[in-house]
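Inside the fold
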Amino acid sequence: MKIASIVGARPNFIKLAPLSRELRRRGLDEVIIHTGQHYNYEMDKIFFDDMGIPAPDYHMGIGSGSHGFQTGEMLRKVEGALMAEKPDAVIVFGDTNSTLAGSLAAAKLHIKSAHVEAGLRSFDRRMPEEINRVLVDHCSDLLLCPTRTAVDNLRREGITENVHLTGDVMVDAQKDCERIAQNKSHILEDLVLKPKDYYLATVHRASNTDDPDKLRAITEALKDLKNVVFPCHPRAEKYLREFGLWDDLIRKIEVIKPVGYLDMLLLEKNAKKIITDSGGVQKEAYLLGIACITLREETEWVETVEDGWNVLVGPNREKIVMSARCFEPSHERQDVFGKGDASIKIADLVENISHEKSGGS
Ligand code: UD1
Ligand code: UDP
């Protein structure tokens, strides 16, 4: 059986790693198609190196651009690769433009497709990822949900067939890499950090970075907190410079290049709290038992909030500072994201994809 895994951006690579390993362990023929949405070493290749992901078979080199340009080019080029490879199934991950392009290309060519991380919703249609999620879910043949909430979200949209609760592949990724990170990463020594003595921040959501008032409020809060390590996404760096916020920020807190997955796991695990607008980082904070302050008004990962480990503060300076200083988790954590066997369940389902009825809804 031939499977094409389509990826392009940082969170896609992290979700691909454990599943690719499982597919190949079973002797399945996997072709990796990389759109090139992310391309800086520290946004791209470092994850293949850190997580042992095989080199992509196709690299489209599409890079950055407007949503229409980027998604359109991806659709065109991924279609070409799929026509050449004729896989039995396509797998797409998460909610990026690469996910949407891969899913659409497969649907139009009548190739069965599986969506890893199906059913997530923020209910904010101004978020580009929300459009991607809805469209991908509605044209996938296999909907692989990380949480019960995701299954319920799909049911409310009339998608009840071919929906499976598998748990989250990011639990698998973390389990695979935690010990390796402990042995290999020396990020704490390099940055002279003491465990539980710093805040870890990440910011990249377009709604925060592209708005000068919101980005300023976030940077003011980080400066107020002082002891902050901020691996800075290129999108955030671009707008911090454009809005004249960069120079003062790098004087007051530790702004570093984005880090690889192994360094990130150690930075997260040893942080006193995490401040983020990333979906994946909210989830990892929960899995690692670190309190999370989320720079958004809503989240797809509602379980982290309901269990009292995550608080939604939006890009509000006072609320960020107050929560970073005072917020303490209130409940025991649950196994809401599964036990780390999502890749096995997903591989089982993908191997049987020809038996699924066509069309997600
Ligand atoms: C994308 C995803 C988002 C995901 C994020 C993960 C979409 C719509 N968004 O957002 O869901 O959370 O990736 O990190 O797909 N850039 C570089 N080098 C790179 C990559 C990006 O300089 O390697 C800069 C460019 O200026 C680019 C900007 O970052 O224009 C945004 O990149 P893009 O891939 O369009 O979206 P992200 O904000 O990264
Ligand atoms: N991540 C990383 N290095 C960084 C920032 C994030 O390895 O400098 C990892 C993080 O641990 C998580 C994933 O990237 O596994 C989350 O991706 P991102 O925040 O880019 O996107 P989102 O999850 O919001 O779509």
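What comes next concerns the included structure. (Residues numbered from 1 in each chain as written. Chains lettered and ligands numbered in written order. Predicted model: local features only at pLDDT ≥ 70, side-chain atom pairs only at ≥ 80, totals over all residues. Heavy atoms only, no water.)

1. Digging into the site of ligand 2
Residues in close proximity to ligand 2 total 19 residues, the closest being R205, V259, S278, G280 and E284. Interatomic distance of 2.9 Å between a backbone N/O atom of G279 and an oxygen atom of ligand 2. In the complex, 96% of the free accessible area of ligand 2, which totals 530 Å², lies under the protein chains. For the shell around ligand 2, a count of residues per class yields 10 nonpolar, five polar and four charged. (Near = heavy atom within 4 Å. Polar contact = N/O pair within 3.5 Å; in protein donor to acceptor, adjacent residues only side chain to side chain. Areas by Shrake-Rupley, 256 points an atom, 1.4 Å probe, with all protein chains shown as cover. Nonpolar A, V, L, I, M, F, W, Y, C, P; charged D, E, K, R; others polar.)

2. What about unusual backbone geometry?
Of note, K86 is a non-glycine position whose phi angle comes to about 50 degrees, a positive value. Within the secondary structure layout, K86 lies in the loop between α3 (67-85) and β4 (89-93). Residue K226 is not a glycine yet carries a positive backbone phi of 65 degrees. In this structure, K226 sits in the loop between α10 (212-225) and β9 (228-231). For K226, a relative accessible area of 60% translates into the label exposed. (Helix = DSSP H or I, 4+ residues; strand = E, 2+ residues; numbered from the N terminus. Buried < 20%, exposed > 50% of the residue type's maximum accessible area, 1.4 Å probe, protein only.)

3. Thoughts on helix α4 (residues 97-108)
Here α4 is 12 residues long and its end C-alpha atoms lie 17 Å apart, about the 16 Å a rise of 1.5 Å per residue gives. Listed in full, the buried residues belonging to α4 are N97, S98, T99, L100, A101, G102, S103, A105 and A106. As for α4, its buried residues are in contact with β1 (2-7), α1 (10-25), α3, β4, β5 (112-116) and α5 (128-138). Downstream of α4 by one or two residues, H110 has phi in the positive range, about 60 degrees. (Expected span 1.5 Å × (residues − 1). Contact = heavy atoms within 4.5 Å.)

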